[in-house]
Amino acid sequence: MTPSVPKTKRVAPTAGGQTTAAQTTAAQRAVPVKPELAHVDLAHPDLVVSDHELLPAMRLPAARPTSISPAGARPPHAALHTALGGLLRDHAPEAALLARVGEAVLYLEGDTLELCGPELEPPDAWLESGEMTWLARDGELLGLLWSEAGAVSPTAVEVLTMLLAASRPDGAGREAEVLVTQLPVATAWLTPELVFRRVSRPFLELLNLNDAGVLGRTVAEVLPGRPALVLALEQAVAGRSVRLADEALGTRPVDPGSTDTRSIKTRSADTDPLPHTARTRWVRGEARSYVGGWGAGVMLTLQDVSGEYERASRISALLDTRTPAALLTEAGVVLHASPGLSELAPQMAHQPQAALVGVALWDWAGLADTPSAEARDLVRLAARGEPAQAALPLANGETLTLTLRRSVKNGLLVAESLGAPINGTAPMGLVSQMLALSEDATVLIDAAGRAQLVNDRAAALLGVEASRLMGLGLTRVLNELGVRVFSPGGQPLALPDWRDPNLPARKEVLLALPGHSLRHMELRITPIGPEAGHKAGGVLLTLRDVTVLRRAEAKMHHDARHDALTGLRNRVGLREDLAALQVPPGVGATGALVCLNIDGFSALNAALGRIACDRILIGLAARLDDLVAGQNQIGQNQPGLKNAEHRGSGQDETGQVGAAARLEGGTFAALLPGLSEQAALEAVQQVLSASLRARPHETALSFALGVAALEGDTPEEVLSNAEIAVQHARKGGRGSVNVFTPALRAGVKSAYALEEDLRGALAAQQFTLLYQPMLDLKTGQPLGAEALLRWQHPELGLLTPSAFLEIAGRSNLITSIGEWVVEAAVAGRDRVRAGCAAQAHDWQMSVNLSLEELRRSEGLRRLLPLLSAQGAPDIEVSAGSLLDHSDQTLDMLEQLRTHGARLIVDDFGDGPGSSLSALTRFPLSAIKLHPTLTARLPGDQKVVTLVQASIDLAHRLGLSVIAVGVETTEQLDLLRELGCDAAQGYVICPPLPEVDLMVWLSQH
């Protein structure tokens, strides 16, 4: 190898930014650097040192070095910054990286390198467009990778994640020793004595070596006869960045147990340009000084560039064509001519053929008149970049239609004919012009399978000048170029037979092209008759590139099945994963689906903000994704596990794999084949046990968990079962867990059926009111009654509000039902006053209304006109609804009172809903004691005291007191003694229909 060494040695500048003479002198006699004395400057990154970062530093453009640390001081983690920048530039140049490095967050994009604070929060723009990939290891979010152009390569994600994981304080010891060996590039770590310490697997494969023949041996032993290489590596040890010239390695298979490496033979590209053979690999290398966790040394990287030499060799072979073609300088001098063009010159017997290479085109003896003015003008036009085509008379009496154009390489012209010269005419000229205008890649093939016309798009697709393809067998050319054809599903296909009698043909194929690119092409093969210029006819091969369309379709397919924020599967994708789980007969349960919901997610989102909450969701998604991936890996390694609780551990014996999904908002799912319901819950609870980081602090979250088995149900049913389980868990409070049972689904079906029946109950007049009278404890006279709603269900019988009001509250039915209750109660009040004028001329009726429903709907706006028209009843509101002391609540109650309603606080005195301040803030008239207080009278003296105090307090505030749930005469006597104003309960009268109420009133 011939090293290429920079002329100027890079040394760290002083604090003032200048390089001193002393430093230059020291650099010239540089020796291997010690870690404790090393220094890294982002503007001079050739010599990179680190305490535990283990990747070779990549050259990073100088970008605000002062933002990292003052000049002359060693920036913390500087080598890691440089390595990350180099890897990002090489593997994902279009991407930006946010990564946690120590206690700060590093931002890398292009030439920009900044430390931006302690929080790993993506910019808003990352959430609005492009594609964001998280870099996570063991459930910890290490960084975020974002690209406007779409997903970055898996290699970039793997290498960056590996480097960030190794840079963690707890990661160096775990991953440092294997990091180099896992690199996806050919890399070797050498000690200052040029002894191989670590090598990557691609390095061994590239040189056809093995660990035993490399590790612990010197470069001279492993690669003998290379003094230039050893000299270059010694310069790298001294601090220089050395580029190695291309070199051809002749290899032979090495026995795995052998340590003999002398079979490696080399040729320098500069001195021995022999063509590529099947036993030769061309490599290009670079060596850098590096100091890491193992000490000082050299990082040697190699790159296989055999493809470049193979392609050059193949293109050179393609120049051997019978079609007239040539390569010229802009001055018109012929550099290379095909045999087909050279043979057009007349040849005298026993005389050598007239020379063409090295002479001006217009002086060529094959032309009829030399020097040819037409040929000279043709060259001038092409040299100026203008269209150049002319019919040149030949010395043999024929006419050659020749076109000239500038090559993609400056200073060269490409000459090619439009077809074989035939008696002074160019019969293929019109066809050639038509093909040139085609937007598709088009090749005209004769009956023998030779390319006769190739348009520019076809030549660009194959990466070869069109003139070099003319006259060659197309099948042979494609094989020489390494072009391969596959079906859309990836199955290899043979190249078609151009003489196939079943033509025309049309199909879509995958075309593997030189340079390892893969294109989706629509292939059409159309037969061409003899009238096209060939006696035996031929075929027209047309290729339309539909890669962009197929990629767009693939992206749409991906986006339709994945969550945009987290990248996990969405509901549609999870359904497909469930459907893909094929359960063989007799296998039984194959796993579990766990649904989880973040408790109080809406409040959390409002408190932390969207960006912080999105970060929590991304971190949670990373943990679930790691959980599923880990279970799948365990299942692959241990397919025979059949423990009842952990059978398969992620993959059961059928090879099924799991998935993580985000269903909506704060709801996620984990599909865990091979685990029982209990084992799946434990696995999910374990990954959720640690806090998630949001803003400067970690946020402890609780989750509602629901789990369903996969046994014997369709994908829709399994997902529905898990969601039903988590819904029931949410009702149980924070951190609740629920296992699906058929009874839960039966309850959901029953509630749904009840809601459907409820929608028609009003129209069918199935609602009715019962009335429970209230008694004045001072006079013993009835004061009024509370209207109690009942639903006379045609199948279930008489239902109390507790059976259906929650269902009505989830829809708009609650407002319509409330209106009906008020109308019916007012009408009943008026009928009682008319029918029992002597006993109930001032009879009052009270109804229960939900302030929450009035707040979030148009209920109040629709209720007020009704109160004004018929006279307002007394309105009872729960004590809990008055905890909201907002002006909206006050305004609502003021409007009700203004329209004549007396406001009564229901269920006062028990639970957190009894707010004493509400008694003074709102325009109330009375309170109703909670039935639980009445039930503990007269035996509980503390309750007696509490009731006495409540009555005294209410009276001092000008409020009446009504006791509810009075069941015994002892309770009634005590309440009268304590000064309670009124009472209702079964000891007075049970709830009655209106007719029975009239009879009761006539008797009291």
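For the structure itself, consult the block above.
Reading the values: rules and limits
Residues numbered from 1 in each chain as written. Predicted model: local features only at pLDDT ≥ 70, side-chain atom pairs only at ≥ 80, totals over all residues. Heavy atoms only, no water. Core = buried A, V, L, I, M, F, W, Y, C linked by side-chain atoms within 4.5 Å. Buried < 20%, exposed > 50% of the residue type's maximum accessible area, 1.4 Å probe, protein only. Helix = DSSP H or I, 4+ residues; strand = E, 2+ residues; numbered from the N terminus. Contact = heavy atoms within 4.5 Å. Pairing = 2+ DSSP bridges. Axes fitted to C-alpha atoms, helices over the stretch in contact; angles between N-to-C directions. Parallel < 35°, antiparallel > 145°, perpendicular 65-115°, else oblique. Nonpolar A, V, L, I, M, F, W, Y, C, P; charged D, E, K, R; others polar. Polar contact = N/O pair within 3.5 Å; in protein donor to acceptor, adjacent residues only side chain to side chain.

(A) Representation of the nonpolar core. Core analysis: the largest hydrophobic core is formed by 79 residues, its most contacted members being I875, L882, L896 and V947. Considering every element that reaches this core, the biggest residue donor is helix 23 (residues 813–835), with nine residues. Excluding residues that lie within four positions of it along the chain, I875 makes contacts with V847, L849, L867, L896, A901, R902, L903 and I904. In terms of nonpolar packing, the next biggest core, distinct from the first, is built from 48 residues, L596, L604, A612 and A622 among them.

(B) Broad picture of the sheet that holds strand 26 (residues 591–598). Strand order in this open sheet of five strands is 27-28-26-31-32, and the pairing throughout is mixed. Sheet topology places strand 27 (659–664) and strand 32 (737–739) at the edges, where each strand pairs with a single neighbour. Each neighbouring strand pair of the sheet contributes to a mean axis angle of 20°, computed without reference to strand direction. As paired elements, strand 26 and strand 28 (residues 667–673) share seven bridges and run antiparallel to each other. In the sheet register, N597 faces strand 28, and the bridge partner there is T667.

(C) Summary view of the packing of helix 20 (residues 715–731) against helix 21 (residues 742–759). Interaxial distance between helix 20 and helix 21 falls to 10 Å at its minimum, and their mutual angle equals 85°. Put simply, helix 20 runs roughly perpendicular to helix 21. Along its contact with helix 20, which presents E717, S720, N721, I724, A725 and H728, the element helix 21 presents L744, R745 and V748. Classifying every residue of the contact of helix 20 with helix 21 gives four nonpolar, three polar and two charged.

(D) Region of the structure containing the side chain of S736. Mapped onto the secondary structure, S736 falls in the loop between helix 20 and strand 32. Classification of S736 as buried rests on a relative accessible area of 16%. Of note is the side chain of S736, whose polar atom sits 3.0 Å from the backbone oxygen of G732. With near-sequence residues (within four places) excluded, S736 lies in contact with F703, A704, L705 and A729.

Structural measurements only, silent on function.
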